[in-house]
Number of protein chains: 2
Amino acid sequence: MNIKTVAEYAGVSIATVSNVVHGKKIVKASTREKVLKAIHDLNYTPNAIAQSLKARKTNTIGVVISDISNPFFSTIIRGIEDASKESGYNVILCNTDEDYIKENEYLEVLKRKQIDGIILSATGRNENLKKLKKLQIPVVYIDRIPEEIDGPLVTSDNEKISYEATQHLIAQGFRKIGIIIGSKIISTTKERLNGYIKCLQEHGIPIHEEYIAVGDSRITGGKKAMEALYKLEDRPEAVFVTNSLMTLGALDYLKSENIRYSNDVSIIGYQDQDWEADWTLITNPAITVVKQPTYQIGWKAAHQLLKHITEGEELQSKRYELPCKLIIRESTQNPRAKKESM
Amino acid sequence: MNIKTVAEYAGVSIATVSNVVHGKKIVKASTREKVLKAIHDLNYTPNAIAQSLKARKTNTIGVVISDISNPFFSTIIRGIEDASKESGYNVILCNTDEDYIKENEYLEVLKRKQIDGIILSATGRNENLKKLKKLQIPVVYIDRIPEEIDGPLVTSDNEKISYEATQHLIAQGFRKIGIIIGSKIISTTKERLNGYIKCLQEHGIPIHEEYIAVGDSRITGGKKAMEALYKLEDRPEAVFVTNSLMTLGALDYLKSENIRYSNDVSIIGYQDQDWEADWTLITNPAITVVKQPTYQIGWKAAHQLLKHITEGEELQSKRYELPCKLIIRESTQNPRAKKESM
DNA sequence: CTGTTAGCGCTTTCAA
DNA sequence: TTGAAAGCGCTAACAG
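One numbering rule holds for all chains: residues counted from 1, following each sequence as written. Chains carry letters and ligands carry numbers; both start at the beginning, A for chains and 1 for ligands, and go up in the order they are written. pLDDT decides what is reported in this predicted model: residues at 70 or higher carry local features, side-chain atom pairs at 80 or more are listed and counted, and totals for whole chains, interfaces and linings draw on all residues regardless. With hydrogens and water set aside, each side-chain value is computed from the structure's full complement of heavy atoms.

Engineer: Looking at this structure, how should I read the pairing of strand β10 (residues 288-291) of chain B?
Structural biologist: If a strand is regular, its side chains alternate between the two faces of the sheet. Residues and elements named next belong to chain B. Here a strand pair is declared whenever DSSP counts at least two bridges between the two strands. For the purposes of this entry, the term helix denotes a DSSP run of H or I that reaches at least four residues, the term strand denotes a run of E that reaches at least two, and both are numbered from the N terminus. As paired strands, strand β9 (residues 266-271) and β10 are joined by four bridges and run parallel to one another. Within β10, the position partnered with Ile-268 by the bridge is Thr-288. Across three bridges, the pairing between β10 and strand β12 (residues 325-327) is antiparallel. By the bridge assignment, Val-290 is partnered in β12 with Leu-326.

Following this line, the structure appears as structure tokens:
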């Protein structure tokens, strides 16, 4: 069903049909009726592809992330989708698995498909991003941004919350504090590590290199990293695990070795969803976590992008750091400190 | 950058450019070189929108689900996206929140955007689906399908696994077995309930209506449902919670009331991701769960849809039931039965 | 082997 | 107030 058929059915020109559909120009009431009837009878909907070709605008944005099945990203995407829907935009989803080849492929496809903008959690390969810049496609980065690349970034206040989390552990009386981080290429990892290091230093606690365990940001990575920490001769009394999946992995290791957290080792984890409850709450003991403003990151990123696209507001190379929260629960109570205080 | 500019730059016709781009017709080596150089120099990529308009084909499918931040759906979508990528298709994501108005809106948009097919977890309103059928857009349903609607459905073997889970509880010596289910409108809910009822009946255990608690398929729903069950005078000794988020909610309630599962009440939960580990494993005690083939559901659905779209293979109104697994862990050990066996 | 041209469905001048 | 026609970028039939 196309505009031509509708026009013939109504006995008018296609221009008139178009006018009725968009209500821009004034159309005589009687002809409008005829057209409306035709549209209804024939169940006509304008072809958005043809409209896009004409308007050079697709009302679609591309979202490029590493893995939608990671709750961190799925919650972000929910925020993106909600904001997009509000402005009449749709979202094309792309999973890169942190693979810059896939990233490149998707970026190419999105370009071919003439999407109006991109929200990107970059893998870290700058070539892709530089190419993107040349293309003049509006981009908002989320979570992280490679060095040397400038552009708007929406992320968490990683360093700050990491400092706070570390400080909490120190306040609980711990001195031997380990950290489990993801790939060091990623800017958020660096920031989280920085917060940890800075806090230890400011409290006069020396940095032990072997207390910094690197994982692959997923469950197995967290498991292995925790194992490495636990097998140290002089093992940490407390561990800060800096993402949600690795937290799961770390606890999986502890469970498999029958190690009780908060007795044998204190844990701070990460919560990447924005739910009121999640599994870190219902474990025994409940886990102290850093809660990320995940949904908000997505929403804000989409909002900025769409304000640029629809209202032409300039896209500044600015950081938007949304605040995390430290939710203190049972897993970081120092049994020793407790005893002392009794 | 368009084909015309490339043609002029290379000093050939646009048809020739099109030919070298697609490598269909034979082009003289020397002119091919010229064109290739032009394409490279000008960084030309064909405009997929124009191609789509011509071909009446967008290489895009729509995925309509209730909420991407639900791990069940995000894992399904990962499967869909992987299968789609393989065939050169992209995915537009739509969240309905089980709201048929949103569902309808998205279906309209997808139609306007001329997507080549839809994967749909239906809200239950038949009008939307009947309209869809009229449109002749290929649809594959996932997870559930309303009565009266026929079409291909990819889902889990809900009734079977529910029977199995219930049987496991009976085998552990439980007789007072509760179940927490989602909305009864949804076909999977009915199937899970059926498996439970059938199993109890076949073992000569009477059905108590008050042991069947209905939630909203999300965390709060699970929490309230568990509360209702636990406040019964004659409360169940074991509860089967039939989705992942409600499992979390149910345990949240137990935790808040200081009720130990597997001592005070046995629990079978649901795991909706396909990960090797998840939070149900690391709780104390670890939770017996039904593990859904979530990724596979998405993959299979996309595969069927795309086989139809690209190879014209007919889309049969058939059910594909992928097998769940019952993973038996600590939360369903009957303390009483244990004692007896010692 | 290469070029001309019609047409995909739509919007938007411009003229009537 | 309405309509004719150009053109968005591309493909494919057809002519040369």
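Now that the structure has been shown, we can carry on.
Engineer: It is not clear to me how helix α9 (residues 187-202) of chain A should be interpreted in this structure. Could you clarify?
Structural biologist: Each α-helix winds once per 3.6 residues, and so residues spaced three or four apart point in a common direction. A helix is expected to reach a length of 1.5 Å times the quantity of its residues less one. With 16 residues, α9(A) should cover 22 Å at 1.5 Å per step; its first-to-last C-alpha distance of 22 Å lies within 8% of that length. Residues are treated as being in contact if the distance between any of their heavy atoms lies within 4.5 Å. Where α9(A) is buried, its residues contact β5 (153-156), α8 (158-171), β6 (177-181), β7 (212-214), β9 (266-271) and β11 (319-322) of chain A.

Engineer: What exactly am I supposed to notice about the confidence of the model for chain A here?
Structural biologist: Close inspection of predicted coordinates is inappropriate in any region flagged by low pLDDT. Values of pLDDT, ranging from 0 to 100, describe the predictor's confidence in every residue of the model. The predicted model of chain A averages 94 in pLDDT, with 98% of residues at 70 or higher. Long-range and interchain partners of residues 338-342 of chain A, a stretch whose pLDDT sits below 50, account for one contact in this model, where long-range means more than four residues apart.

Engineer: I tried to follow the protein's contact with DNA strand D on my own but got confused; where do I start?
Structural biologist: We call a residue near a molecule or strand when any one of its heavy atoms sits within 4 Å of it. Lining the immediate environment of DNA strand D, one finds 25 residues, of which A:Lys54, B:Ile3, B:His22, B:Lys25 and B:Tyr44 sit closest. Among the atoms of DNA strand D close to the protein, meaning within 4 Å, 72% are from sugar or phosphate groups. Under the rule applied, a polar contact is a pair of N or O atoms within 3.5 Å (in protein, one hydrogen donor and one hydrogen acceptor; residues adjacent in sequence only if both atoms are side-chain atoms). Between DNA strand D and A:Arg56 there is a distance of 2.8 Å, counted from a sugar or linking oxygen to a side-chain nitrogen or oxygen. The greatest single-element share of the surface near DNA strand D, amounting to four residues, is contributed by helix α2 (residues 14-22) of chain B.

Engineer: What am I meant to see in the sheet that holds strand β5 (residues 153-156) of chain B here?
Structural biologist: The strands making up a sheet associate through backbone hydrogen bonding, with each pair oriented either parallel or antiparallel. Sheet architecture is open: 12 strands sit in the order β11(A)-β5(A)-β4(A)-β3(A)-β1(A)-β2(A)-β2(B)-β1(B)-β3(B)-β4(B)-β5(B)-β11(B), paired in mixed fashion. The open sheet is flanked by β11 of chain A together with β11 (319-322) of chain B, the only strands paired with a single partner. Direction aside, neighbouring strands of the sheet carry axes that sit 20 degrees apart on average. As paired elements, strand β1 (residues 60-65) of chain A and strand β3 (residues 117-120) of chain A share four bridges and run parallel to each other. Its bridge partner lying in β3(A), A:Val64 is registered against A:Leu120. Between N-to-C directions, angles cover 0 to 180 degrees, with each direction set by a line fitted to C-alpha atoms, over the stretch in contact for helices.

Engineer: Explain the environment of B:Lys85 to me, please; I cannot follow it from the model alone.
Structural biologist: Looking at where B:Lys85 falls in the secondary structure, it is placed in helix α5 (residues 71-86). As for B:Lys85 and B:Lys160, which are separated by 75 residues in sequence, their C-alpha atoms are 32 Å apart. Excluding its chain neighbours within four sequence positions, the residues that come into contact with B:Lys85 are A:Lys102, A:Glu105 and A:Tyr106. Engagement of the side chain of B:Lys85 in a polar contact is seen with the side chain of A:Glu105, the distance being 2.6 Å.

Engineer: Looking at this structure, how should I read the sheet that holds strand β8 (residues 238-241) of chain A?
Structural biologist: Residue and element names in this part refer to chain A. Spatially, six strands are ordered β7-β6-β8-β9-β10-β12 in an open sheet, and the strand pairing comes out mixed. With one partner strand each, in any of the chains shown, β7 and β12 (325-327) form the two edges of the open sheet. Direction aside, neighbouring strands of the sheet carry axes that sit 20 degrees apart on average. Packing of helix α11 (residues 244-256) onto the sheet brings it into contact with β6, β8 and β9, and relative to β9 it is tilted by some 145 degrees.

Engineer: Is there a simple way to think about the protein's contact with DNA strand C in this case?
Structural biologist: Neighbouring DNA strand C are 26 residues, the closest being A:Ile3, A:His22, A:Tyr44, B:Ile26 and B:Thr31. For DNA strand C, the backbone portion of the atoms within 4 Å of the protein, that is sugar and phosphate, comes to 70%. A:Lys25 has a polar side-chain atom sitting 2.9 Å from a base nitrogen of DNA strand C. Elements with a contribution of two residues or more to the surface near DNA strand C: α2 (14-22) and α4 (48-55) of chain A together with α2 and α4 (48-55) of chain B. Here the surface near DNA strand C gets four residues from one element, more than from any other, and that element is α2(A). The residue classification treats Ala, Val, Leu, Ile, Met, Phe, Trp, Tyr, Cys and Pro as nonpolar and Asp, Glu, Lys and Arg as charged. All others, Gly included, are polar. Classifying every residue of the surface near DNA strand C gives 12 nonpolar, eight polar and six charged.

Engineer: Can you help me understand the packing of aromatic side chains in this one?
Structural biologist: Aromatic ring pairs are reported here in terms of the distance separating the ring centres and the angle at which the planes meet. All names here are of chain B. For this analysis, a ring pair means two rings from Phe, Tyr or Trp (six-membered ring only for Trp) whose centres lie within 6.5 Å, classed as stacked if their planes differ by under 30 degrees, edge-to-face if by over 60, and tilted for the remaining angles. Under the definition given, this model contains five aromatic pairs over all chains. Summarising the aromatic geometry, the rings of Phe-72 and Phe-73 are spaced 5.0 Å apart at their centres and angled 65 degrees between planes, so their arrangement reads as edge-to-face. Classification of residues uses two cut-offs on accessible area relative to the type maximum, computed with a 1.4 Å probe and protein chains only: under 20% is buried, over 50% is exposed, and between them is partly exposed. Among the residues examined, Phe-72 registers a relative accessible area of 5% and is labelled buried. Placement of a charge over a ring requires the Lys NZ or Arg CZ to be within 6 Å of the ring centre, with the centre-to-atom vector within 35 degrees of the ring normal. The ring of Tyr-100 carries Arg-125 above its face, with NZ or CZ at 3.6 Å from the centroid.

Engineer: When you look at the pattern of salt bridges in this model, what are you seeing that I'm missing?
Structural biologist: All names here are of chain A. Throughout this description, the term salt bridge denotes a Lys or Arg side-chain nitrogen within 4 Å of a carboxyl oxygen of Asp or Glu. Enumeration according to the criterion identifies 48 salt bridges over all chains in this entry. The partner of Asp-116 in a salt bridge is Lys-57, with the nearest N and O atoms 3.5 Å apart. Linking Asp-116 in the loop between α6 (100-112) and β3 with Lys-57 in the loop between α4 and β1, this pair joins segments that are 59 residues apart in sequence. Take Asp-116: its relative accessible area is 11%, and that puts it in the buried class.

Engineer: Help me out: how do you make sense of the interface of chain B and chain A in this one?
Structural biologist: Often, the extent of an interface is quoted as the loss of accessible area upon association of its parts. Contacts between the two partners involve 61 residues from chain B, matched on the other side by 61 residues from chain A. For the pair chain B and chain A, the two sides together bury roughly 5300 Å², of which 56% comes from carbon and sulfur. Where chain B meets chain A, there are eight salt bridges. A:Asp97 is the partner of B:Arg78 in a salt bridge, and the nearest nitrogen-oxygen pair spans 2.2 Å. For the pair chain B and chain A, the number of links is 32 residue pairs in polar contact (both at pLDDT 80 or more). Within the residue set of the side of chain B that touches chain A, elements represented by two or more residues are α4, α5, β2 (90-95), α6 (100-112), α10 (219-230), α11 (244-256) and α12 (279-282) of chain B. No other element matches α5(B), which puts seven residues into the side of chain B that touches chain A. For the side of chain B that touches chain A, the class distribution of residues is 27 nonpolar, 18 polar and 16 charged. In this sheet, β2(B) lies alongside strand β2 (residues 90-95) of chain A in antiparallel orientation, the contact comprising three bridges. Paired with A:Val91 across the bridge in β2(B) is B:Leu93. Once two parts are put together, the accessible area they lose, assessed with a 1.4 Å probe and summed over both, is termed the buried area.

Engineer: Looking at this structure, how should I read the relation of the copies chain B and chain A?
Structural biologist: One copy of the chain maps onto the other through a rotation about an axis followed by a shift along the same axis. Here the copies were fitted onto each other by least squares, based on C-alpha atoms from residues at pLDDT of at least 70 in both. When chain B is fitted onto chain A, the two copies agree to an RMSD of 0.0 Å after a turn of 180 degrees and an axial shift of 0.0 Å. What the superposition gives is, in effect, a two-fold axis relating one chain to the other. Considering only C-alpha atoms, the part of chain B nearest the rotation axis is B:Ile92, at 2.3 Å. The share of interface residues of chain B whose copies in chain A are also at the interface is 100%, consistent with both copies meeting through the same surface.

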